[in-house]
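Inside the fold
For reference, the chains in residue letters:
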Amino acid sequence: MDERLSFEEALKRLEKIVHALQGGGLTLEQAIALFEDGMGLAKTCNERLNAAELKITQLQADFEPEPEHKDE
Amino acid sequence: MQLYSVSHVIRYLREVLEADSLLTDIWVSGEVSNLRESAAGHLYFTLKDETSQLRCVFFRPKLAITLENGAAVITHGHISIYEVSGALQLYVDLVQLEGVGILHLEFERLKAKLEEEGLFEPVRKRSLPLFPKRIGVVTSPTGAVFYDIASIIGRRYPLVELVLSPTLVQGDGAVDGIVQALQALNDMEDIDVVILARGGGSLEDLWAFNDEKVARAIYASKAPVISGVGHDTDFTIADFVADVRAPTPSAAAELAVPDYAELEAHIQSLTKTLLIDVTRYLDRYRQRTDELTRAASVYLGNALAISREKLRGRELELASLSPLATLSRGYALVQHSATGEVVSHIDQVQRGDAIDIKVSDGQFKGRVTGSKKGLQGWMNGFPSKKH
């Protein structure tokens, strides 16, 4: 499985494979190959989800933030 | 020193007045007097208070109220000069009886204006990306709102990058700050969705979100905008312009991303489907193999039976054709001794030929002593079967 495959791409491929398998008309070899790919993609999806950590960046603003607002 | 004509001065005054940002968008309260309606349906009146008066004109008035002399009103419009008479006047576009809050009036005025311009059109609302990668957040960097948004998104879908575009969210500078913060995100290439958020507060606290400039900045955003301003019950102009209105900042965060637990469940169900489908394939091919095997063995069995039957037929045929069977019935086989040629016609032999004669259980030799064509005198009904 491609190391750099994003969660979204992996999920999309997985969904496509499930769709293809449900469609029928495949040879047994094709079906098994798709199944193996699909299981690999599911694993990638889970790995991506588990490994993810929220990234936060802050843009510069040309004002001095006030100490505190009355936000909740 | 330069000398100016009257019209020159008036035109100059008019230009000055119409360039002033306060005078071009102004709310004025006062008491109505000298009210008069022209034949064309325009309203002319004077607004006055204890010390001063202001001439007013309201072209093609759309009024929800009946205007009377002496009524205390709030008006909105722009101040300019009527060049013909040189009179300074307020060109009114909205009149409301005093007592209705001015903020409320401004809200309704701007809402109607932007609605007419098409800023709230449902067809213009963009749908949110299912799996955003970068989410812009326009809010205060110091309040609890950003913290809440970050923790909700971190829990639901931590595969994203949050880009905080910080701004004041109330008071002086809030409007420009919000506009700039939205602009800064709009200048970036890969922002998938923008959250514009502020915690709850009074109508005045939330006022920046009812500003026309903010509304237009939201409208100009390349990425779809989710507004999450105040509480569920607060509606701002920003909410109407935004692609999606969330009742609160937290709800905006939830709308911006898919849910981790739901995604896990989704992947699990896909995996399950994969297993079911591949098993179905295996079963199908297994069954097909079975069917073919069965069909093959049935076919084979049939073929054997047919062959056996054929063989038996041939055996019978063979038996019936065997000369031994004929010999045992009293016939004899005659052959030329020299050539082994079977003698079946009288022309084949001549007197003196050596012949071999075979009967059912032996053979003997002989010599032709005479011959005669035809079978006259021999038994009638001689078997005519020809071999």
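Thresholds, definitions, all that
- Residues numbered from 1 in each chain as written.
- Chains lettered and ligands numbered in written order.
- Predicted model: local features only at pLDDT ≥ 70, side-chain atom pairs only at ≥ 80, totals over all residues.
- Heavy atoms only, no water.
- Salt bridge = Lys/Arg side-chain N within 4 Å of Asp/Glu carboxyl O.
- Helix = DSSP H or I, 4+ residues; strand = E, 2+ residues; numbered from the N terminus.
- Buried < 20%, exposed > 50% of the residue type's maximum accessible area, 1.4 Å probe, protein only.
- Pairing = 2+ DSSP bridges.
- Axes fitted to C-alpha atoms, helices over the stretch in contact; angles between N-to-C directions.
- Contact = heavy atoms within 4.5 Å.
- Polar contact = N/O pair within 3.5 Å; in protein donor to acceptor, adjacent residues only side chain to side chain.
- Phe/Tyr/Trp six-rings, centres within 6.5 Å; stacked < 30°, edge-to-face > 60°.
- Lys NZ or Arg CZ within 6 Å of the ring centre and 35° of its normal.
- Domains from an automatic or database assignment.

Below, the discussion takes up the pattern of salt bridges. Residue and element names in this part refer to chain B. Tallied over the full model, the rule gives 22 salt bridges over all chains. Across the pair Asp243 and Arg124 runs a salt bridge whose closest N-O atoms are separated by 4.0 Å. One end of the pair, Asp243, is in the loop between α6 (237-241) and β10 (244-246); the other, Arg124, is in the loop between α2 (102-117) and β6 (134-139), and 119 residues separate them in sequence. The pair Asp243 / Arg124 is uniform in exposure class, with both members buried.

We now examine unusual backbone geometry. Residues and elements named next belong to chain B. The phi dihedral of Asn34 falls on the positive side, at around 55°, and the residue is not glycine. Counting through the fold element by element, Asn34 comes out in strand β1 (residues 26-37). Its identity is not glycine, yet Arg60 carries a phi of approximately 40°, on the positive side. Tracing the sequence through the fold places Arg60 in the loop between β3 (53-58) and β4 (72-82).

Residue and element names in this part refer to chain B. If you walk around this closed barrel you meet the five strands as β1-β2-β3-β5-β4, and the pairing is mixed. This sheet shows a mean twist of 55° between the axes of neighbouring strands, independent of strand direction. Note that β1 and β4 share six bridges and pair antiparallel. Bridge assignment links Gly30 to a residue of β4, and that residue is Val73. Sheet strands in contact with helix α1 (residues 6-19) are β4 and β5 (87-97), and its direction is about 135° off that of β4.

Contact with chain A, which involves 44 residues of that partner, is made by 53 residues of chain B. Linking chain A with chain B are one salt bridge, by the criterion used here. Here Lys133 of chain B and Glu8 of chain A are joined by a salt bridge, their closest N and O atoms 2.9 Å apart. Our count for the contact surface shared by chain A and chain B stands at 13 residue pairs in polar contact (both at pLDDT 80 or more).

By the secondary structure assignment, Thr236 of chain B is in the loop between β9 (225-229) and α6. Here Thr236 of chain B is in contact with Phe107, Phe209, Asn210 and Val229 of chain B, once residues within four sequence places are set aside.

Let us look at the packing of aromatic side chains. Under the defined criterion, the tally for this structure stands at eight aromatic pairs over all chains. Seen in terms of ring centroids, Phe7 of chain A and Tyr157 of chain B are 6.2 Å apart; in terms of plane orientation they differ by 70°. Their pairing is edge-to-face. Highlighted residues: Phe7 of chain A in helix α1 (residues 7-23) and Tyr157 of chain B in the loop between α3 (144-156) and β7 (161-166), drawn from two different chains. In this structure Phe7 of chain A comes out as buried when scored by relative accessible area, which is 2%. On the basis of an interplanar angle of 55° and a centroid distance of 6.4 Å, the ring pair of Phe107 of chain B and Phe240 of chain B is categorised as tilted. Within this pair, whereas Phe107 of chain B is found in helix α2, its partner Phe240 of chain B is found in helix α6, the two being separated by 133 residues in sequence. With relative accessibility at 12%, the residue Phe107 of chain B sits in the buried group. Phe240 of chain B gets classed as partly exposed once you look at its relative accessible area, which sits at 23%. Among the aromatic residues, those joined into a ring-pair cluster are Phe107, Phe120, Phe235 and Phe240 of chain B. Across from the ring centre of Phe235 of chain B, 3.7 Å away, lies the NZ or CZ of Arg245 of chain B, which sits over that ring.

This part covers the domain arrangement of chain B. Here chain B is partitioned into domain 1 (6-100), domain 2 (129-258), domain 3 (265-321) and domain 4 (324-367). If you average the C-alpha positions of domain 1 of chain B and of domain 2 of chain B, the two centres end up 38 Å apart.

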